[in-house]
Amino acid sequence: MEPVWSIGQAPNRIDGTLELGIRHLTPGQKITLEAFAQDDLGKVWRSFGIYRGDDQGTVDTAGTAPEEGTYGGIDANGLLWSMRPGGSDPVYFMKSGSAPQAVTFRLSSDGVLLGERTVDLHFVSDDVRVTEMTEPFAGKYFCPDASGRGSLPAVLVLGGSAGGLLWSEQMAALLSSHGFAALAVAYFDWQGRSGLPNRLAEVPIEGVDRAMRWLQEQPGIDAARAGVMGLSKGSELALLYASLYPQAVRAVVGYSPASHVFEGIAIAPASRRSSWTHEGRPLPYLPYPGGPKSWTAAELAQLRKLHEQALQTSSDEQLEAARIRVEAMRAPALLMTGAHDATWPSAGMAEGVLQTLKKCGYRWEVCHAHFPEAGHLIDIPNLPVTAEQGVRAGAAAAAAREAWQTALAFLQRNLALSYSYSRPS
């Protein structure tokens, strides 16, 4: 009798639990399940597990641990996040958009192929309308069907120093699948696409406000229930925006955040510049040690050291001038960090933000979710994890899932109630 597959319940969401079972095996039969996926660079990633059928001749990845494989223990999504590339290892599974991710599963026993199935893992639900924007800003808007729901809460999402819509598009897509209108905004792009600056230097904060105003003015949106979410450099920007435009923001989520404005980043050497401007003026910033940075491979490998030195060598006056005025925010905040952050000391900076808010008697909810086994990139749940030094793949995958659920619950809790709302003139 041929094995019978039980795989998924369409549509399968990337942040869900994959249902993968094989029935009609011989009790005790040893099988191999492999998973294959291709990233946007054309690189094929692979994982595998060797399992043994139970007394009923069944293997269920949600209840069966592999005897050996690319992951250990019971984990229904283990074959997804534990995929690794063949050949030379890139550090990142390049998924640049929100199109479904195809994953092919192959079943074999004693070297004989017994079957193959392909599953699409979705970021966007069928009821979500997707609009790509080039004017008056570059971004992608995800709006779920509001029929019977009333007005929708909204979230503006900002990616990190990878530029463009990396991470932000996928996160906005996931938020829309949970009932939020979500706008991913590109504030710079290394290749200068969509007319964006090709360096992360002197980026006007007003661009974020222009995008937020557009989002809040869309049909079916409750402007009083708008939040902002950012990753890494986008988290620095999110905290800055919430501090400078407090009436516009009703919830803030920062993945691997910063507490200060740092020097801008450019591919080619340039004069020292702030990362951001406001009202036409560069914001005070902490300079990196040495001259203007061209970001060599050696320097990129020591980013945390550079940021720590910037914090340690700056004077008290420089530190205070470059500090993000988080006490000016008027919204609950969630900061999430990993102990093995190799980019900058996000956990220490998050604690600094919390201490600042505590001292000033901040009356809104403030949370710091710290993941002792995670790194800087707390990524999209169930994508193949990034190989960061000192971070176990399983721990990174668990942190990604928990962080997403924590962020989702925080936004649902804090954007579920209406607030009185007025925009600054």
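Model, not experiment: these values are computed from the prediction.

### Notes on the side chain of Q216
Then, number 1: The residue Q216 is located in helix α3 (residues 206–216) in this model.
Then, number 2: Within the structure, Q216 has its side chain in polar contact with the backbone oxygen of A248 (distance 3.1 Å).

### Side note on the nonpolar core
Then, number 1: F105, L175, M229, Y255 and L411 are the most contacted members of the largest nonpolar core, which totals 68 residues.
Then, number 2: Per-element accounting of this core gives the leading share, nine residues, to helix α9 (residues 393–414).
Then, number 3: Dropping the residues within four chain positions of it, Y255 is found in contact with W167, M171, M229, G230, L231, S232, S235, M336, I378, A403, W404 and A407.
Then, number 4: Core analysis: the second largest hydrophobic core is formed by 50 residues, C143, L183, V208 and W214 among them.

### Description of α3
Then, number 1: Extensive coverage of α3 is indicated by the burial of eight of its eleven residues.
Then, number 2: When we look at burial in α3, the residues that qualify are G207, V208, D209, A211, M212, W214, L215 and Q216.

### Description of the layout of surface pockets
Then, number 1: Each pocket or cavity is described by its volume, and for the largest pocket that value is around 1,500 Å³.
Then, number 2: What lines the largest pocket is a set of 49 residues, among which S161, A162, G163, L166 and W190 lie closest to the centre.
Then, number 3: Elements with a minimum of two residues in the lining of the largest pocket: β11 (128–133), β12 (138–144) and α6 (303–313).
Then, number 4: Here the element with the most residues in the lining of the largest pocket is β12; it accounts for three residues.
Then, number 5: Tallied by class, residues from the lining of the largest pocket come to 24 nonpolar, 16 polar and nine charged.
Then, number 6: Taken as a whole, the second largest pocket encloses approximately 290 Å³ of empty space.
Then, number 7: Listing elements by their share of the lining of the second largest pocket, those giving two or more residues are β14 (181–186), β15 (203–204) and α3.
Then, number 8: Grouping the amino acids of the lining of the second largest pocket by side-chain chemistry returns eleven nonpolar, four polar and two charged.

### Topic: the sheet that holds strand β16 (residues 221–231)
Then, number 1: Across the sheet, which stays open at both edges, the eight strands sit in the order β11-β12-β14-β13-β16-β17-β20-β21 with mixed pairing between neighbours. The open sheet has two free edges, formed respectively by β11 and β21 (366–371), since each of these has just one partner strand. On average, each strand axis in the sheet is inclined to that of its neighbour by 15 degrees, with strand direction left out of account.
Then, number 2: On top of the sheet, helix α2 (residues 168–176) reaches β11, β12, β13 (152–158), β14, β16 and β17 (252–255); it is set at about 175 degrees to β14, its chief contact.

### Structural notes on the environment of F262
Then, number 1: Inspection of the secondary structure puts F262 in the loop between β17 and β18 (276–278).
Then, number 2: Taking relative accessible area as the criterion, F262 reaches 0% and is therefore assigned buried.
Then, number 3: Spatially, the C-alpha atoms of F262 and A172 are 26 Å apart, while their sequence positions differ by 90 residues.

### Notes on the pairing of β21
Then, number 1: Sheet topology places strand β20 (residues 333–338) next to β21; six bridges connect them, and they run parallel. The partner of M336 across the bridge, within β21, is A369.
Then, number 2: Following the chain from β20 across helix α8 (residues 346–359) to the adjacent parallel β21, one finds a crossover that is right-handed.

Reading guide: rules and limits
Residue positions within a chain follow its written sequence, with the count starting from 1. The model is predicted, so local features are restricted to residues of pLDDT at least 70 and side-chain atom pairs to those at 80 or more, both for listing and for counting; the totals for chains, interfaces and linings are taken over all residues. In computing side-chain values, all of the structure's heavy atoms are included and hydrogens and water are not. Helix numbering and strand numbering both begin at the N terminus, where a helix is a DSSP run of H or I of at least 4 residues and a strand a DSSP run of E of at least 2. Contacts described as polar in this section are N or O atom pairs within 3.5 Å, which, within protein, must combine one atom able to donate a hydrogen with one able to accept it, while residues neighboring in sequence count only if both atoms come from side chains. In these notes, a set of buried Ala, Val, Leu, Ile, Met, Phe, Trp, Tyr and Cys residues joined through side-chain atoms within 4.5 Å is what counts as a nonpolar core. Buried residues are those whose accessible area, probed at 1.4 Å on protein chains only, stays under 20% of the maximum for their type, while exposed residues exceed 50% and partly exposed ones sit between those limits. Any two residues whose heavy atoms approach within 4.5 Å at even a single point are treated as in contact. Cavities and pockets are defined on a 1 Å grid built over the protein atoms alone: a cavity is a set of grid points where a 1.4 Å probe fits but cannot escape, while a pocket is an open set with protein on both sides within 12 Å along at least five of seven lines, and lining residues are those with an atom within 4 Å of any such point. Grid points are joined across faces, edges and corners, and a volume is the space filled by probe spheres set on the points. Charged residues are taken to be Asp, Glu, Lys and Arg, nonpolar residues to be Ala, Val, Leu, Ile, Met, Phe, Trp, Tyr, Cys and Pro, and polar residues to be all remaining types, Gly included. Pairing between strands is defined by DSSP: at least two bridges between them are needed. The axes are straight lines fitted to the C-alpha atoms, using for helices just the contacting stretch, and the angles between their N-to-C directions are given from 0 to 180°. By definition, the crossover connecting two strands over a helix is right-handed if that path, from the first strand to the second, turns clockwise as seen with the strands pointing away from the viewer.

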